Amino acid sequence: MSVDGSAAGEPHPHEPHTEGLASRLNWLRAGVLGANDGIVSTAGLVVGVAAATTESSAILTAGIAGLTAGAISMAAGEYVSVSTQRDSEKALLSKEKRELAEEPEFELAELAQIYRGKGLSAATARQVALELTEHDAFRAHAEAELGLDPTELTNPWAAAISSAVSFTLGALLPLLAILLPPVSWRIPVTFAAVLVALAITGTVSARLGGGDSRRAVLRVVIGGALAMAVTYGIGQLAGVSGI
Ligand SMILES: [Zn+2]
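Residues numbered from 1 in each chain as written. Predicted model: local features only at pLDDT ≥ 70, side-chain atom pairs only at ≥ 80, totals over all residues. Heavy atoms only, no water.

**Q** So what exactly am I meant to see when it comes to the overall build of the chain here?
**A** A tally of helices and strands in the chain yields seven helices and zero strands. The N-to-C order of helical and strand elements in the chain reads α-α-α-α-α-α-α. For the chain, the C-alpha radius of gyration of 26 Å lies well beyond 18 Å, the compact-globule estimate for 243 residues. Buried residues in the chain amount to 32% of all 243 residues. (Helix = DSSP H or I, 4+ residues; strand = E, 2+ residues; numbered from the N terminus. Rg over C-alpha atoms; globule rule 2.2 N^0.38 Å. Buried < 20%, exposed > 50% of the residue type's maximum accessible area, 1.4 Å probe, protein only.)

**Q** Just checking my understanding: could you explain the side chain of T190 for this structure?
**A** Here T190 lies in helix α6 (residues 186-209). Not counting chain neighbours up to four residues away, the residues in contact with T190 comprise V47, P174, A177, I178 and M228. (Contact = heavy atoms within 4.5 Å.)

**Q** In this structure, what is going on with the packing of aromatic side chains? I would like to understand it.
**A** Geometry of an aromatic ring pair is reported as the spacing of the ring centres plus the angle between the planes. Within this structure, the stated rule accounts for one aromatic pair. Ring geometry for Y79 against W157: centres 4.9 Å apart, planes inclined by 55°, an arrangement best described as tilted. With Y79 in helix α2 (residues 56-102) and W157 in helix α5 (residues 156-179), the pair connects residues that are 78 residues apart, well separated along the chain. Since its relative accessible area comes to 55%, W157 is described here as exposed. (Phe/Tyr/Trp six-rings, centres within 6.5 Å; stacked < 30°, edge-to-face > 60°.)

**Q** I'm lost on a nonpolar patch on the surface in this one. Help?
**A** Residues Y79, V80, W157, I161, V165, L169, L172, L176 and L180 make up a contiguous nonpolar surface patch of about 920 Å² in total accessible area. Contributing elements (two or more residues each) for the nonpolar patch: α2 and α5. For L172, the position within the fold is in helix α5. On the accessibility criterion, L172 (35% relative accessible area) is partly exposed. (Patch = residues over 30% accessible without salt bridge, like charges linked within 9 Å, V, L, I, M, F, W, Y side chains within 5 Å. Areas by Shrake-Rupley, 256 points an atom, 1.4 Å probe, with all protein chains shown as cover. Salt bridge = Lys/Arg side-chain N within 4 Å of Asp/Glu carboxyl O.)

**Q** How should I be thinking about the coordination of the zinc ion in this particular structure?
**A** Put simply, a metal with four donors set out as a tetrahedron has ideal angles of 109.5 degrees, and one with six donors set out as an octahedron has ideal angles of 90 or 180 degrees. Within the protein, the atoms that donate to the zinc ion are E96 (OE), E107 (OE), E110 (OE), H141 (ND1) and E145 (OE), at distances of 1.8 to 2.7 Å. Read in sequence order, the donor residues coordinating the zinc ion give the pattern E-x10-E-x2-E-x30-H-x3-E. With E110 in helix α3 (residues 104-117) and H141 in helix α4 (residues 122-146), this pair connects stretches of sequence that are 31 residues apart. Residue E110 is classed as partly exposed on the basis of its relative accessible area of 24%. (Donors = N, O, S within 2.8 Å, 3.2 Å for Na, K, Ca; no water.)

**Q** Please clarify how the packing of α3 against α4 should be interpreted in this entry.
**A** When two helices pack together, their arrangement is given by the angle between the helix axes and the distance between those axes. As a packed pair, α3 and α4 sit with axes 8 Å apart at the nearest point and diverge in direction by 110°. When the axis of α3 is compared with that of α4, the two are roughly perpendicular. Pair α3 / α4 crosses with right-handed handedness. Residues E105, E107, L108, E110, L111, A112, I114, Y115 and R116 of α3 lie in contact with α4, whose contacting residues are A122, A125, R126, V128, A129, L130, L132, T133, A140, H141, A144 and E145. (Axes fitted to C-alpha atoms, helices over the stretch in contact; angles between N-to-C directions. Parallel < 35°, antiparallel > 145°, perpendicular 65-115°, else oblique. Left-handed = near helix turned anticlockwise from the far one by under 90°.)

**Q** Help me understand the packing of α5 against α6, please; the structure alone is not making it clear to me.
**A** The geometry of α5 relative to α6 is characterised by a closest axis approach of 8 Å and an angle of 155° between their N-to-C directions. In terms of orientation, α5 and α6 fall into the roughly antiparallel class. Crossing geometry of α5 relative to α6 is assigned as right-handed. Between α5, through L173, P174, A177 and I178, and α6, the contact on the second element is made entirely by R186, V189, T190, A193, V194 and A197. When the residues that make up the contact of α5 with α6 are grouped by side-chain class, the tally is eight nonpolar, one polar and one charged. (Nonpolar A, V, L, I, M, F, W, Y, C, P; charged D, E, K, R; others polar.)

**Q** Looking at this model, I keep getting lost on the nonpolar core. Mind explaining?
**A** Nonpolar side chains in soluble globular proteins generally cluster together in the buried interior. Counting 23 residues, the largest nonpolar core has I178 and V194 as its most contacted members. Only α1 (18-52), α2, α5, α6 and α7 (213-241) provide two or more residues apiece to this core. Apart from residues lying up to four places away in sequence, V194 is in contact with I39, A43, L173, P174 and M228. Grouped together as the second largest cluster of nonpolar side chains are eight residues, Y115, A125, A129 and A144 included. (Core = buried A, V, L, I, M, F, W, Y, C linked by side-chain atoms within 4.5 Å.)

Here it is as structure tokens:
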């Protein structure tokens, strides 16, 4: 509802919460980045092994081992980082809850001050703070002061599983690209498939981030090409010297 009391601005009941949308976009972006990691690291690994040997079982073993290690390491890293973030968010929220119980007047003034800082007049800011406090003081403070939705904290297990899954999906692409074609086509097919896939994930993540997509795509594609070129060189050396 608008400030003058008219009901013209009633929100549509099915309109998505902008914050919910932003967090969903964050998840999508994390998924695309995880897939990217899976593509690049597995591609580098299998191209390196394929440069040293034509044995499919060696390439498959290296690829599966790399995929598994990468997925677990991504999941563990994500679990730790989200847990840490969640712990500090929970600590901030319980501190806020305590302050609300102990000094409600001070907290009301603090909330009004936040809306004053956003450009409302002193009287309006006070009125907004009063109504929000009456409706759900804890939620109002969590959102205005901490930028947190207390009912929507990120689950570390969900983050861990989704990054492991996205890494695995990405890793499957170079693994299939190197194992399916005939031996002499393996490396060129993998290079081509990986660069095309990176161009796609680069475009998607740039669109989600709202940045300059051409430069972002170029960065991702060059990074992937570099990874494969370097491991290809190392694999050739290892293959020639018979390590
Ligand atoms: Zn507060």
